[in-house]
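Residues per chain, in single letters:
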Amino acid sequence: MYKNIVFALCGCLMSFGVVGQSTTIDSILKQVEQNNQELKALNEYMESKRLELKSGNNLPDPQLGVYYLPFGDHNSGDYTEFQISQSFEFPTVYSARGSLIEKQSTQLESDYQERRQDILSQAKEYCLNLIYLNKRLATESLRVEQAKQVFDQVQEIFEKEQVGILELNKAKVVWMQEQFKIKQIESDARNVLLQLTNLNGGTAINFSPEDYGISLVLDSKDSVWQEKQAQDPVLKQLKQQEEIAQQSLSLAKNKALPNLTAGYNSQGVAGERFSGIYAGVTIPLWSNRNKVKAAQSHLDFQQTFTSAKILQAYASFEKQYNDYEIMHSRFQEYEATLSGLNSDELLLQAYQLGELSFLQYYMELQFYRQAYDAMLDMQYQLYISQNQLLKHQL
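Residues numbered from 1 in each chain as written. Predicted model: local features only at pLDDT ≥ 70, side-chain atom pairs only at ≥ 80, totals over all residues. Heavy atoms only, no water.

**A closer look at a nonpolar patch on the surface**
- A surface patch of nonpolar side chains, amounting to about 470 Å² of accessible area, comprises Leu64, Val66, Phe82, Ile84 and Tyr264.
- Going through the elements one at a time, strand S1 (63-69) and strand S2 (79-88) are the ones with two or more residues in the nonpolar patch. (Patch = residues over 30% accessible without salt bridge, like charges linked within 9 Å, V, L, I, M, F, W, Y side chains within 5 Å. Areas by Shrake-Rupley, 256 points an atom, 1.4 Å probe, with all protein chains shown as cover. Salt bridge = Lys/Arg side-chain N within 4 Å of Asp/Glu carboxyl O. Helix = DSSP H or I, 4+ residues; strand = E, 2+ residues; numbered from the N terminus.)

**Details of the packing of helix H6 (residues 221-231) against helix H8 (residues 291-339)**
- One can describe the packing of H6 onto H8 by two numbers: an axis separation of 11 Å at closest approach and a directional angle of 135°. In terms of axis orientation, H6 runs oblique to H8. Here the hand of the crossing between H6 and H8 comes out right-handed. Of the residues in H8, those in contact with Lys221, Asp222, Val224, Trp225, Lys228 and Gln229 of H6 are Ile310, Ala313, Tyr314, Phe317, Glu318, Tyr321 and Asn322.
- Looking at the contact of H6 with H8, its residues break down into seven nonpolar, two polar and four charged. (Axes fitted to C-alpha atoms, helices over the stretch in contact; angles between N-to-C directions. Parallel < 35°, antiparallel > 145°, perpendicular 65-115°, else oblique. Left-handed = near helix turned anticlockwise from the far one by under 90°. Contact = heavy atoms within 4.5 Å. Nonpolar A, V, L, I, M, F, W, Y, C, P; charged D, E, K, R; others polar.)

**What about helix H3 (residues 37-55)?**
- Given a rise of 1.5 Å per residue, 19 residues ought to cover 27 Å, and the 27 Å separating the end C-alpha atoms of H3 matches this to within 8%.
- Listed as buried for H3 are Leu39, Leu42, Met46 and Arg50. Projected down its long axis, H3 shows its buried positions confined to an angular sector of 85°, all on one face. Opposite the buried face of H3, at more than 90 degrees from it, the exposed residues are Glu44 and Leu51.
- A distance of 3.1 Å separates the backbone nitrogen of Glu38 from a side-chain oxygen at the start of H3, and that oxygen is part of Asn36. (Expected span 1.5 Å × (residues − 1). Buried < 20%, exposed > 50% of the residue type's maximum accessible area, 1.4 Å probe, protein only. Arc of directions from axis to C-beta. Polar contact = N/O pair within 3.5 Å; in protein donor to acceptor, adjacent residues only side chain to side chain.)

**Things to note about helix H2 (residues 25-35)**
- Ile25, Ile28, Leu29, Val32 and Asn35 are the residues of H2 that are buried. Within H2, the buried residues cover an arc of 140° as seen down the axis, which keeps them to one side. Away from its buried face, by an angle of more than 90 degrees, H2 presents the exposed residues Asp26, Lys30 and Gln34.

**As for the pattern of salt bridges**
- Following the criterion strictly, the structure yields 16 salt bridges and no others.
- Its salt-bridge partner being Arg115, residue Asp118 comes within 3.9 Å of it at the nearest N-O pair. Of this pair, Asp118 and Arg115 are both found in helix H4 (residues 91-159), three residues apart, which corresponds to roughly one turn of the helix.
- The partly exposed category is assigned to Asp118, whose relative accessible area is 26%.
- Among the salt bridges present, the one from Arg143 reaches Asp373, with a minimum N-O distance of 3.0 Å. Residue Arg143 is found in helix H4, and its partner Asp373 is found in helix H10 (residues 358-389); the two are separated by 230 residues along the sequence.
- Judged by relative accessible area, which is 1%, Arg143 ranks as buried.
- Because the salt bridges share partners, they merge into one network encompassing Glu38, Arg115, Asp118 and Lys391.

This is the structure in structure tokens:
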């Protein structure tokens, strides 16, 4: 019966000073994503970096030159010359650099997504913590009522001189201890809600959690890993860095092609004027020396580094997944065992019938309560672990 009452009381939620309709974890995360000041600043920074990258593929400025030579010994008129020219790299260089910039911009997006997931994961942990604290509040509220009931009974029989003052004091201390626990839980909940509000850009959040509302059953290990590889920004960055290294090699090869210059030239003296096109070629004999080899070496390093990091990531993921499965199995056994017990009510009846002293009753009751608290804590830790395993889904 105690278990049924506890689960029923989980629906009696505290609002922590904010009145309103119940809100789901997903809606809280959407609010945080929209209002978080760090994400707003990071988004603006990313936009500036994208524009900066694009500016690296601009053409150099055109050159304008004018010669006027009036001095010196000459019989003809003054010599004048006018020239305008535009230099540029070989056209394929701009194409290769544009592809490189596109890949670098994609990596910037992954950097943003990584930080975004960190913030949303933290916000979700705060939500899970509030749900856990609310479950504990419901449990402790019931325990306060039971402690008050026992205290009233002890006081009644104390007045009949059937028990001593020590027995009464013990019952009162237990009642007070349970009240202190409630105050501590409420304080913890306010602090967590304050942290959640801070992540939400200072905007107050209404979160009145009834239950976790999330299944603890995970998909198969291979399925979760494949999904993680496709969505986790940290793992995606490894592949992106490899692609950037590959494109950097392509750019280095293209930069071995000559730079070009084209323009218009006009010269004149003594009423005569000559004009026409101007063309030039810069042969990169020295400027690109060893750059292709360096780019190839960096690509080889990046490919090896990516493979090593993915192996490490999978080993860490496999350990975390296996630990989660073991904890989940233990939790199911705990839950199945405790849900069939009615120890608190049986102990209370034994105490009321005089079969147990108050100290015996309290010690036995604490054993079962600690087991139930351990189950609540294990459930909470499971959801925290699941949040870390499935962080890539945020």
